[in-house]
Amino acid sequence: LVPVDLPTPSREFFENYARVHKEVEEKSIKYRQLVDSYSSRVRKHGFYYLNSEYYSEDLLGINKEIEEKLESIGNDTLKDFYSTWLYQISLRDIAMYRNIKKYCADHSFKKGIFLVGAAHRMGIIKESQDSEFEWNYDGKGYWYPQNNT
């Protein structure tokens, strides 16, 4: 195992992110519905769902609702916390991709596995668009859209 992520942020960083979600959850029925749907799909389909475009689309929907609700709430501190969260995730995506790319350049092998949390999937895919390596983002499993409820 070769760690490729940045150091873990402070406890306060995660507490601030939890405050954002708590506030949005209290004020948004749509957010609660999106999270319930996401949770149901994780329970029903597990990694197949988390490694799919459907998860990425659901995460985008949740993030969009967070942003819209934070705008309507008008609390600049919460907006700053959320912006900082998104920025940190972006930095981590870039660092993970660069570190795995460096590892690939420095070592000889035919196949490798890069394990990453599902929330980083879209950022890693974006970073790897110009890669000379062949990436398989869906693994060997299948998650069937007709079973996505």
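Residues numbered from 1 in each chain as written. Predicted model: local features only at pLDDT ≥ 70, side-chain atom pairs only at ≥ 80, totals over all residues. Heavy atoms only, no water.

Q: Can you walk me through the pattern of salt bridges in this structure?
A: Any two side chains of opposite charge can pair, so long as their charged atoms come close to each other. Tallied over the full model, the rule gives 10 salt bridges. For the salt bridge of Asp58 with Arg41, the shortest nitrogen-to-oxygen distance reads 2.6 Å. Of this pair, Asp58 sits in helix 3 (residues 53-73) while Arg41 sits in helix 2 (residues 29-50), and the two are 17 residues apart along the sequence. In this structure Asp58 comes out as buried when scored by relative accessible area, which is 19%. Salt bridges linked by common partners bring Glu71, Asp76 and Lys79 together as one network. (Salt bridge = Lys/Arg side-chain N within 4 Å of Asp/Glu carboxyl O. Helix = DSSP H or I, 4+ residues; strand = E, 2+ residues; numbered from the N terminus. Buried < 20%, exposed > 50% of the residue type's maximum accessible area, 1.4 Å probe, protein only.)

Q: Would you mind showing me how to read the side chain of Gln88 here?
A: Take Gln88: it is sitting in helix 4 (residues 76-106). The class for Gln88 is buried, based on a relative accessible area of 19%. Residues within four places of Gln88 in sequence aside, it is in contact with Leu6, Pro9 and Phe13. (Contact = heavy atoms within 4.5 Å.)

Q: Would you explain the layout of surface pockets in this entry?
A: Vacant regions in the atomic arrangement are exposed by a probe of water-molecule size rolled over the atoms. Its volume calculated, the second largest pocket comes out at about 620 Å³. Lining the second largest pocket are 24 residues, and of these Leu59, Asn63, Ile89, Ala119 and Met122 lie nearest its centre. Elements with a contribution of two residues or more to the lining of the second largest pocket: helix 1 (11-27), helix 2, helix 3, helix 4 and helix 5 (121-127). When its residues are assigned to classes, the lining of the second largest pocket shows 15 nonpolar, 4 polar and 5 charged. (1 Å grid on protein atoms, 1.4 Å probe; cavity = no way out; pocket = protein on both sides within 12 Å on 5 of 7 lines; lining within 4 Å. Points joined across faces, edges and corners; volume = space filled by probe spheres on them. Nonpolar A, V, L, I, M, F, W, Y, C, P; charged D, E, K, R; others polar.)

Q: Would you mind going over the packing of aromatic side chains with me for this structure?
A: The relative placement of two aromatic rings is captured by the distance of their centres and the angle of their planes. In the structure shown here, the tally under the stated rule is 8 aromatic pairs. On the basis of an interplanar angle of 50° and a centroid distance of 6.3 Å, the ring pair of Tyr38 and Tyr49 is categorised as tilted. Look at Tyr38 and you get partly exposed, because its relative accessible area is 27%. Take Tyr49: its relative accessible area is 0%, and that puts it in the buried class. Taken together, a centroid distance of 6.1 Å and an interplanar angle of 35° make the contact between Tyr103 and Phe109 tilted. Judged by its relative accessible area of 28%, Tyr103 falls in the partly exposed class. Members of the aromatic cluster, joined through ring pairs, are Phe13, Phe14, Tyr17 and Trp85. (Phe/Tyr/Trp six-rings, centres within 6.5 Å; stacked < 30°, edge-to-face > 60°.)

Q: Teacher, can you tell me more about the nonpolar core here?
A: Grouped burial of nonpolar side chains is what soluble globular proteins tend to show. Ranked by size, the top nonpolar core spans 13 residues in total, and within it Val20, Val24, Ile66, Leu70 and Tyr82 carry the most contacts. With 5 residues, helix 4 is the largest single contributor of residues to this core. In this view, Val24 contacts Tyr31, Ile66, Lys69 and Leu70; residues no more than four positions away in its chain are not counted. (Core = buried A, V, L, I, M, F, W, Y, C linked by side-chain atoms within 4.5 Å.)

Q: What is the right way to look at the environment of Pro9 in this model?
A: When you line up the elements, Pro9 lands in the segment before helix 1. Distance in space between the C-alpha atoms of Pro9 and Gln88 is 8.7 Å, their sequence separation being 79 residues. In this structure, Pro9 is in contact with Phe14 and Gln88, ignoring residues within four places of it in sequence.

Q: Would you mind showing me how to read helix 3 here?
A: Because an α-helix packs 3.6 residues into every turn, residues spaced three or four apart end up facing the same way. In a regular helix each residue adds 1.5 Å, so 21 residues correspond to 30 Å; helix 3 covers 30 Å between its end C-alpha atoms and thus fits that length. Restricting attention to buried positions, one finds in helix 3 the residues Tyr55, Ser56, Asp58, Leu59, Ile62, Asn63, Glu65, Ile66 and Leu70. Contacts made by the buried residues of helix 3 are with helix 1, helix 2, helix 4 and helix 5. Regarding helix 3, its N-cap is Ser52, as a side-chain oxygen of that residue lies 3.2 Å from the backbone nitrogen of Tyr54 further along. Note on helix 3: the residue one or two positions beyond its end, Gly74, has a positive phi of about 80°. (Expected span 1.5 Å × (residues − 1). Polar contact = N/O pair within 3.5 Å; in protein donor to acceptor, adjacent residues only side chain to side chain.)

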